[in-house]
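# Geometric and topological summary
If you want the building blocks of each chain, they are given just below.
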Amino acid sequence: MFRAALVVCSALLLAGCTVTVGTTRSLSQETVEQGISDTVLSMVGHRPEAVDCPDPLTAQPGNTARCVLTVGGKRYGVTATVTAVANGGADYHIQVDDQPLKSPWFG
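A brief structural summary. Within any chain, residue numbers begin from 1 and follow the written order of that chain's sequence. Local features in a predicted model are, by the rule used here, given only for residues with pLDDT of at least 70; side-chain atom pairs are given and counted only at 80 or more, and totals for whole chains, interfaces and linings are based on all residues. Based on all heavy atoms of the structure, the side-chain values leave hydrogens and waters out of the count.

Turning to the side chain of E33, a few remarks are in order. Only DSSP runs of H or I covering at least 4 residues are called helices, and only runs of E covering at least 2 are called strands; the numbering of each starts at the N terminus. Relative to the helices and strands, E33 resides in helix α2 (residues 29–44). Each residue gets one of three labels from its accessible area relative to the maximum for its type: buried under 20%, exposed over 50%, partly exposed in between, using a 1.4 Å probe on protein chains only. In this count, Lys and Arg are taken as positive residues and Asp and Glu as negative ones, while His and the chain termini are left out. Any Lys or Arg side-chain nitrogen found within 4 Å of a carboxyl oxygen on Asp or Glu counts as a salt bridge. Buried within the structure, E33 lacks any salt-bridge partner; its nearest side chain of opposite charge belongs to R75, at an N-O separation of 11 Å. Here, two residues are considered to be in contact whenever any of their heavy atoms come within 4.5 Å of each other. Setting aside anything within four residues of it in sequence, one finds E33 in contact with V51, D52 and C53.

Glancing now at the state of the cysteines. Counting rule for disulfides: a pair of cysteine sulfur atoms within 2.5 Å. Scanning the entire structure with this criterion turns up one disulfide. Across the disulfide from C53 sits C67; the S-S distance is 2.0 Å. Across the S-S bond linking C53 and C67, the dihedral sits near 110°, which makes this disulfide right-handed. Linking C53 in the loop between β3 (50–52) and β4 (57–58) with C67 in strand β5 (residues 64–71), this pair joins segments that are 14 residues apart in sequence.

Turning our attention to the nonpolar core. Nonpolar side chains in soluble globular proteins tend to end up buried together. Ranked by size, the top nonpolar core spans 20 residues in total, and within it V32, I36, L57, L69 and V78 carry the most contacts. Only α2, β5, β6 (74–86) and β7 (89–96) provide two or more residues apiece to this core. Among buried residues, the Ala, Val, Leu, Ile, Met, Phe, Trp, Tyr and Cys ones that are joined through side-chain atoms within 4.5 Å form a nonpolar core.

Here it is as structure tokens:
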């Protein structure tokens, strides 16, 4: 299972997501969590055990949200960064930390 976690995290060092934000100008934490989970699924063939984001992500290029994904019982930090906003959609990239988190708490 540890090897699976390494494969997931290696594959997700930089991956992209695109979501539609409508007129709200921010992505809910649930939307970001789902986008990260969908990206993991498309990159490695299975979803992480969990994805937790504490806050919404403002849909403005350069803005970031810090989340945690769980794979193989290990928790990894994930940074989602908005890269573009146009036509009611927001593009963002995710980057997964190289090492699991040491703290049992968020981030």
